[in-house]
Amino acid sequence: MSFLDLAKRRYATKKYNAAKKISVAQIEELKEIIRLSPSSINSQPWKFTFVTDGAVKKELAAQSYMNENSINNVGLLVVFSVMEDIKHFEKRNIAVLPEGWISYYEQMVKSNGDAFTKSWMENQVYLSLGYFLSACISMGLDATPMEGINRKAYQQILPQDGYSPLFAATVGYADINDTVHPTVFPKLRFEPSEIIESI
Ligand SMILES: Cc1cc2nc3c(=O)[nH]c(=O)nc-3n(C[C@H](O)[C@H](O)[C@H](O)COP(=O)(O)O)c2cc1C
């Protein structure tokens, strides 16, 4: 299937088929795919927590607002976290890079201050989400990105030493009666003329 066809098929699933769970082999494949995500200067300021344990998932679901049911009915919840300590990040992730990349970090990122640097680090984690969602649909899996989580509560529930949860994603198989499935609820997007310019 072409990437365009996959893009039309992928959607933020609201209702999962609780009887059809993602397999262990698929989970292992997704772990390797997410590890290969690209990031600016290969900075990799992230951690990905794969939650399949029912009790932990339930605890997280209770801290996920409108996403609670969806998390409880799906086999896999992935939590995307960012490194918290910039000094540690620089020592572990930046100092090991080629000289030119370190200069890039110092001049284009660090020189703009801590708030800019943290936001830049978070951008890298968000990029991995797009990569992950595309990977899921390429494997025939449905997924839901979720910013609707209580980040502080997630941090208390999960062992996240030095990392702060940003958002999560569920992965499984959609229920055929999901009312927002693209076959019954067409994708809403701006027209190409409004968002794409060709010069
Ligand atoms: C970063 C991000 C966070 C999102 N958070 C949630 C969420 O918490 N719950 C939810 O049901 N959908 C969430 N969505 C799904 C969006 O609402 C959805 O992608 C958008 O409406 C476009 O629909 P589509 O993905 O089905 O094409 C999120 C999407 C993104 C990219």
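Structure shown above.
Peer 1: What exactly am I supposed to notice about the environment of Tyr163 here?
Peer 2: By the element assignment, Tyr163 lies in strand β4 (residues 163-172). We classify Tyr163 as buried; its relative accessible area is 8%. Taking the C-alpha atoms as reference points, Tyr163 and Pro45, 118 residues apart in sequence, are found 9.1 Å from one another. Leave out the neighbours within four places in its chain, and Tyr163 touches Trp46, Lys47, Ser81, Val82, Met83, Glu84, Arg92 and Gln155.

Peer 1: I would appreciate a short explanation of helix α3 (residues 54-61) in the present structure.
Peer 2: Residues spaced three or four apart along an α-helix face the same direction, because each turn holds 3.6 residues. If you check which residues of α3 are buried, you get Lys57, Leu60 and Ala61. Buried positions in α3, seen along its axis, are confined to an arc of 100° and lie on one side of it. The exposed residues of α3 that point more than 90 degrees off its buried face are Ala55 and Lys58. Contacts made by the buried residues of α3 are with β1 (46-51), α4 (68-72), β2 (76-83) and α8 (151-157).

Peer 1: In this structure, what is going on with the site of the ligand? I would like to understand it.
Peer 2: The ligand sits among 15 residues. The nearest are Arg10, Lys14, Asn67, Lys187 and Arg189. Backbone polar atom of Pro145 to a nitrogen atom of the ligand: 3.2 Å apart, as the coordinates give it. Protein coverage of the free-state accessible area of the ligand, which is 620 Å², stands at 66%. Elements represented by at least two residues in the shell around the ligand include exactly α7 (114-138) and β3 (142-146). Here the element with the most residues in the shell around the ligand is β3; it accounts for 3 residues. Along the lines of polarity and charge, the residues of the shell around the ligand split into 7 nonpolar, 3 polar and 5 charged.

Peer 1: Any chance you could explain unusual backbone geometry here in plain terms?
Peer 2: Note: most peptide bonds trans; most residues except glycine with negative phi. One non-glycine residue, Ile41, lies in the positive phi region at around 45°. According to the relative accessible area criterion, Ile41 is buried, its value standing at 13%. Phi is positive for Asn42, which is not a glycine, with a value near 55°. With respect to the helices, strands and loops of the structure, Asn42 is situated in the loop between α2 (24-35) and β1.

Peer 1: What exactly am I supposed to notice about the sheet that holds β4 here?
Peer 2: Working definition: the strands of a sheet are paired by backbone hydrogen bonds and lie parallel or antiparallel to each other. One open sheet holds the 4 strands; their spatial order is β1-β2-β4-β3, and the pairing between them is antiparallel. A strand with exactly one partner marks an edge of an open sheet, and here the two such strands are β1 and β3. On average, adjacent strands in this sheet sit at an angle of 25° to one another, irrespective of strand direction.

Peer 1: When you look at the packing of α2 against α7 in this model, what are you seeing that I'm missing?
Peer 2: A pair of packed helices can be characterised by two numbers: the angle between their axes and the separation between those axes. It is at 10 Å that the axes of α2 and α7 come closest, and there the two elements cross at 145°. Crossing angle aside, the handedness with which α2 passes α7 is right-handed. When α2 is examined against α7, the residues Leu30, Ile33 and Ile34 are found in contact with a partner set consisting of Ser128, Tyr131, Phe132, Ala135 and Cys136.

Peer 1: Help me understand the packing of aromatic side chains, please; the structure alone is not making it clear to me.
Peer 2: Any aromatic ring pair is given by two values, namely how distant the centres are and how the planes are angled relative to each other. Across all of its chains, the model carries 8 aromatic pairs by this definition. A ring pair is formed by Phe48 and Phe80, whose centres lie 5.5 Å apart and whose planes are at 80°; its orientation type is edge-to-face. With a gap of 32 residues between them, Phe48 in strand β1 and Phe80 in strand β2 connect regions that are remote in the sequence. Judged by relative accessible area, which is 17%, Phe48 ranks as buried. We classify Phe80 as buried; its relative accessible area is 0%. Plain terms: the ring middles of Phe80 and Phe132 are 5.6 Å apart, the flat faces sit at 80° to each other, and that makes the pair edge-to-face. In this pair, Phe80 sits in strand β2 while Phe132 sits in helix α7, placing the two residues 52 residues apart along the sequence. Assigned by exposure class, Phe80 and Phe132 land together as buried. What links up through ring pairs into an aromatic cluster is the set Trp46, Phe48, Phe80, Tyr126, Phe132 and Phe167.

The rules we used
Residues numbered from 1 in each chain as written. Predicted model: local features only at pLDDT ≥ 70, side-chain atom pairs only at ≥ 80, totals over all residues. Heavy atoms only, no water. Helix = DSSP H or I, 4+ residues; strand = E, 2+ residues; numbered from the N terminus. Buried < 20%, exposed > 50% of the residue type's maximum accessible area, 1.4 Å probe, protein only. Contact = heavy atoms within 4.5 Å. Arc of directions from axis to C-beta. Near = heavy atom within 4 Å. Polar contact = N/O pair within 3.5 Å; in protein donor to acceptor, adjacent residues only side chain to side chain. Areas by Shrake-Rupley, 256 points an atom, 1.4 Å probe, with all protein chains shown as cover. Nonpolar A, V, L, I, M, F, W, Y, C, P; charged D, E, K, R; others polar. Pairing = 2+ DSSP bridges. Axes fitted to C-alpha atoms, helices over the stretch in contact; angles between N-to-C directions. Left-handed = near helix turned anticlockwise from the far one by under 90°. Phe/Tyr/Trp six-rings, centres within 6.5 Å; stacked < 30°, edge-to-face > 60°.

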